[in-house]
Amino acid sequence: MKKVKLQVCNGTTCFVMGGADMQNMVDQLMVKFKDCLEIERVRCLNACSLSDNFAKAPYANIDGQLVGNANFQTITKIIEEKLSND
Amino acid sequence: MTNEVLATKKLKNEILVRLVKAFMSDNFAENVRLIPYEMRPKGSDVPFRCCIYKERAILRSRAIAGLGFAMEEDDEKTLLSDFANRALERKKPEEYPLTVLQNACKGCPSSKVFVTELCQSCVAKPCLSACKFGAIEHVNGRSKIDVAKCKKCGLCMSACPYRAIVKTIVPCEEACPVNAISKGEDGLAHIDHDKCISCGKCVSACPFGATHAKSQIIDVLKNIKAGKKVIAMFAPALVGHLPCDASQIKEAFKKIGFSEVYEVAQGADVTAKTEAKDFQERLDQGAAFMTTSCCAAYNELVKKHMPELKPYVSEAKTPLYYTAEIVKKEHPDAITVFISPCFAKRREVLDNDKINYILNFEELGAILIALGIQIDTCEKQDFAYKSSKEARDFAVSGGVARSVLAAWRGKPDAIVPAIINGVNKTTLRDLKVYAKTGKCPLGNLVEVMCCEGGCVGGNAGLSTIKAATKKVGEYANSSYSLKDEH
Ligand code: FES
């Protein structure tokens, strides 16, 4: 079975810009994708520090692909793409 | 929290971060003026409103609140840079904590009762006879409400056997437990400050993010920048709202420039003991019940709307009150800043001259982002005073009652806690009944917290209630119990 690895940033910037949202998202994603998804909360992904990049937080990393403005919809879409990609 | 609220929170936070960044730059006023243009540069997408100019106008208003001013008093021709300069010169924060962004408010329709397509044009027409104001007539067989005559009493709604009549609501009006906010004839929401208890429920409820707290972020930062001794006193709920270990909080505040950090849990220990003593005395005098006194919104509620409940409220002061007293005694020259999970504490801070300023968790978060402080890399440090487990758990619904129980030295079965987890129109009615009848059927120690979940559910929080409750609980459990203290 194909599996996707998702890292959700739990660094300070991402937490302030959407900590509650990310917690809800992780719960929802686990229900939706069950065993096809491995979720990890990680430290700052280093995406937030340059100039205005904080505004696109929260960030996540899906199989090596960095995603800004992470939320349930955007992340679900990318995971579904990755899962159906072969 | 719903997604819409999170989206507006994010927008507000972004503005605060930009304000702090501007403050840190060498041209504060000019960089503040540019905020709306940086957020919506020429040719950029217009995510929320009709056009880029409107978006910028709204962002400008939000920045005014972020600078600590009332958006209602904006004449629209004053430059943001002038507001920035005024914020620098201001000696005292403004009087009323909340302000409404009027140009974000306009799109929201006033509340009305109307007949939907589900109306079956029935023969009995109970709606017609239910209406005392003659506001319903029959047009083409279907009921129709004359808005000019309708008083929105809702009698027709309950009379309709098909539930075909509905009432639309205005989210802020619906959320306010004391009817302090309402849409006026002009279609804009206005806050009646004589009624407002600063609970902030309207802030969380508005899907347009129109209600704001007037921020004191610049007031705090300018004192730090001036090299003053600025001391942070943080609410116990903070531990649940930051992605780090509690022991890293102290270092994070020091990095911002605070010279000392106190846990407000320290004062909560005093509150718990004082309240236990107060309760014993009241029981000895035959009192039927006592309510807690630490929630600022509840205290305002009693003062403004239910003075008859006052005799039942504990004389114990809030944890913040005792903490500020301790801090000012140890550091008489210090500027004290309370770090708050909610908006209601703004009122308490304005009324207490031992507390100079207040920042909420969102504002603290914005400062951390602007200064590039990754809190989970901060060094671990202990606090000078170790608060009890119960004091650290004050922030969770039921926590205050538990702390009084732990500090209780009387007969163990004399206390029966009753928990009011969130003030809303229903619990408000209950409280009124307790005051009127002089008794509370649920228990004799009534804990009242205005926010659902307790202070961990405060409306300026960053995490979910569930996650924050868990984290605060774990931190609390690492300490000793008031029960074992003699
Ligand atoms: S905190 Fe998430 S990328 Fe830095």
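Residues numbered from 1 in each chain as written. Chains lettered and ligands numbered in written order. Predicted model: local features only at pLDDT ≥ 70, side-chain atom pairs only at ≥ 80, totals over all residues. Heavy atoms only, no water.

Section: the domain arrangement of chain B
Operational definition: Note: domain ranges come from an automatic or database domain assignment.
Domains assigned within chain B are domain 1 (3-107 + 190-215), domain 2 (112-168) and domain 3 (226-485). If you average the C-alpha positions of domain 2 of chain B and of domain 3 of chain B, the two centres end up 47 Å apart.

Section: the nonpolar core
Residue and element names in this part refer to chain B. We apply this condition: Only buried residues count toward a nonpolar core, which is a set of Ala, Val, Leu, Ile, Met, Phe, Trp, Tyr and Cys residues joined through side-chain atoms within 4.5 Å. Accessibility here uses a 1.4 Å probe with only protein chains present; expressed as a share of the type maximum, an area under 20% marks a residue as buried, one over 50% as exposed, and anything in between as partly exposed. What counts as a helix is a DSSP run of H or I of at least four residues, what counts as a strand is a run of E of at least two, and both are numbered from the N terminus. Should any heavy atoms of two residues lie within 4.5 Å, those residues are considered in contact.
Grouped together as the largest cluster of nonpolar side chains are 89 residues, with contacts concentrated most on Leu67, Phe253 and Ile339. Looking at which element gives the most residues to this core, the answer is helix α1 (residues 3-24), with eight residues. Domain assignment of the residues forming this core places at least three in each of domain 1 (3-107 + 190-215) and domain 3 (226-485). When residues no more than four places from it in sequence are discounted, the contact partners of Phe253 are Ala232, Phe234, Leu238, Phe258, Val261, Ile339 and Leu364. In terms of nonpolar packing, the next biggest core, distinct from the first, is built from 52 residues, Met71, Val100, Ile197 and Tyr312 among them.

Details of the packing of aromatic side chains
Defined as follows: Two rings from Phe, Tyr or Trp (for Trp, the six-membered ring) form a pair when their centres sit within 6.5 Å of each other. Planes less than 30 degrees apart are called stacked, planes more than 60 degrees apart edge-to-face, and all others tilted. Remark: a charge is flagged as sitting over a ring if the NZ atom of Lys or the CZ atom of Arg is within 6 Å of the ring centre and within 35 degrees of the ring normal.
Inspection of the entire model under this criterion finds nine aromatic pairs over all chains. Centre to centre, the rings of Tyr321 of chain B and Tyr322 of chain B are 5.6 Å apart; their planes meet at 90°, and the pair counts as edge-to-face. We classify Tyr321 of chain B as partly exposed; its relative accessible area is 28%. Put simply, the rings of Phe234, Phe253, Phe258 and Phe383 of chain B touch in pairs and so form one group of aromatic residues. Positioned above the aromatic ring of Phe33 of chain A, the side-chain terminus of Lys32 of chain A is 5.8 Å from the ring centre. It is Lys151 of chain B that lies over the ring of Phe133 of chain B; its NZ or CZ is 5.5 Å from the centre.

Structural notes on the packing of helix α1 (residues 12-33) of chain A against helix α17 (residues 361-370) of chain B
For clarity, the cut-off: Orientation is described by lines fitted to C-alpha atoms, with helices fitted over the stretch in contact, and by angles between N-to-C directions that extend from 0 to 180 degrees. The hand of a helix crossing depends on one turn: near helix anticlockwise from the far one by less than a right angle means left-handed, and clockwise means right-handed. Residue type decides the class: Asp, Glu, Lys and Arg count as charged, Ala, Val, Leu, Ile, Met, Phe, Trp, Tyr, Cys and Pro as nonpolar, and the leftover types, Gly among them, as polar.
Remark: α1 of chain A packs on α17 of chain B, axes separated minimally by 9 Å, with the N-to-C direction vectors making an angle of 145°. The chirality of how α1 of chain A crosses α17 of chain B is left-handed. Residue-level contacts link Thr12, Thr13, Val16 and Met17 of chain A of α1 of chain A to Gly365, Ala366, Leu368 and Ile369 of chain B of α17 of chain B. A class-by-class count of the residues in the contact of α1 of chain A with α17 of chain B yields five nonpolar, three polar and no charged.

A word on the sheet that holds strand β3 (residues 60-62) of chain A
Residue and element names in this part refer to chain A. Heads up, the condition is: Whether two strands pair depends on DSSP finding at least two bridges between them.
The sheet built from four strands is open, its strands ordered β2-β1-β3-β4 with mixed pairing. Edge positions in the sheet fall to β2 (37-42) and β4 (65-67), since each of these pairs with one other strand and no more. Direction aside, neighbouring strands of the sheet carry axes that sit 20° apart on average. Here β3 pairs with β4 via three bridges, running antiparallel. If you follow Ile62 over to β4, its bridge partner there is Gln65. Taken strand by strand, α1 contacts β1 (4-9) and β2, and its axis lies near 160° from that of β2.

Brief notes about the interface of chain A and chain B
Here is the rule we go by: Put simply, a salt bridge is a Lys or Arg side-chain nitrogen that is within 4 Å of an Asp or Glu carboxyl oxygen.
Taken together, the contact pairs 24 residues of chain A with 26 residues of chain B. Across the contact surface, chain A and chain B share three salt bridges. A salt bridge links Asp27 of chain A to Lys466 of chain B; its shortest N-O distance comes to 3.8 Å. Classifying every residue of the side of chain A that touches chain B gives 10 nonpolar, nine polar and five charged.

A look at the sheet that holds strand β13 (residues 357-360) of chain B
Residue and element names in this part refer to chain B. Ordered by their spatial adjacency, four strands build an open sheet running β10-β9-β12-β13, and the pairing between neighbours is parallel. Of all strands in the sheet, those with a lone pairing partner are β10 (260-263) and β13, marking the two edges. Shown here is a sheet whose adjacent strand axes are inclined to one another by a mean of 25°, direction ignored.

As for α17 of chain B
Residues and elements named next belong to chain B. Burial analysis of α17 places 10 of its 10 residues in the buried class, which makes it a mostly covered element. When α17 is considered as a whole, its buried residues turn out to be Phe361, Glu362, Glu363, Leu364, Gly365, Ala366, Ile367, Leu368, Ile369 and Ala370. A positive phi of about 65° marks Gly372, the residue just after α17.

Section: the side chain of Glu300 of chain B
All names here are of chain B. Here Glu300 lies in helix α14 (residues 296-305). The exposure class of Glu300 is buried, given its relative accessible area of 6%. When residues no more than four places from it in sequence are discounted, the contact partners of Glu300 are Cys196, Ile197, His305 and Arg347.

What to know about the pairing of strand β12 (residues 335-340) of chain B
All names here are of chain B. The condition that has to hold: Call a crossover right-handed when, viewed with both strands pointing away from you, the route from the first strand across the helix to the second goes clockwise.
Along β12, six of the six residues are buried, which leaves the element largely enclosed by surrounding structure. One ladder, built from five bridges, connects strand β9 (residues 230-234) with β12; its direction is parallel. Across the sheet, Ile231 pairs through a bridge with Thr336, a residue of β12. Judged from the four bridges that link them, β12 and β13 form a sheet pairing that is parallel. Pairing of Val337 across the sheet is with Tyr357, part of β13. The handedness of the β12 to β13 crossover, carried by helix α16 (residues 345-351), is right-handed.

What about the pairing of β1 of chain A?
Residues and elements named next belong to chain A. One ladder, built from six bridges, connects β1 with β2; its direction is parallel. Looking across to β2, one finds that Lys5 is bridged to Glu38. Crossover β1 to β2 through α1 is right-handed. Where β1 meets β3, three bridges bridge the pair, whose relative direction is antiparallel. Of the residues in β3, the one forming a bridge with Val8 is Ala60.

Digging into the environment of Val203 of chain B
All names here are of chain B. Within the secondary structure layout, Val203 lies in helix α10 (residues 201-205). Separated by 181 residues in the primary sequence, Val203 and Ala384 have C-alpha atoms spaced 36 Å apart. Discounting chain neighbours no more than four positions away, the residues touching Val203 are Lys12, Leu98, Thr211 and Phe343.

Considerations on the side chain of Ser293 of chain B
Residue and element names in this part refer to chain B. Test applied: For the purposes of these results, a polar contact is taken to be a pair of N or O atoms within 3.5 Å, where, inside protein, one atom must be able to donate a hydrogen and its partner to accept one; residues adjacent in sequence count only when each atom of the pair is a side-chain atom.
With respect to the helices, strands and loops of the structure, Ser293 is situated in the loop between β11 (290-291) and α14. Among the polar contacts made by the side chain of Ser293, one reaches the main-chain carbonyl oxygen of Ala316 at a distance of 2.7 Å. Each residue touching Ser293, except ones within four places of it in the same chain, is listed here: Glu275, Asn299, Val313, Ser314, Ala316 and Thr318.

Side note on α14 of chain B
Of all the residues in α14 of chain B, the buried ones are Ala296, Ala297, Tyr298, Glu300, Leu301 and Val302 of chain B. Buried residues along α14 of chain B sit in contact with β11, α16, α20 (425-437) and β15 (445-449) of chain B.

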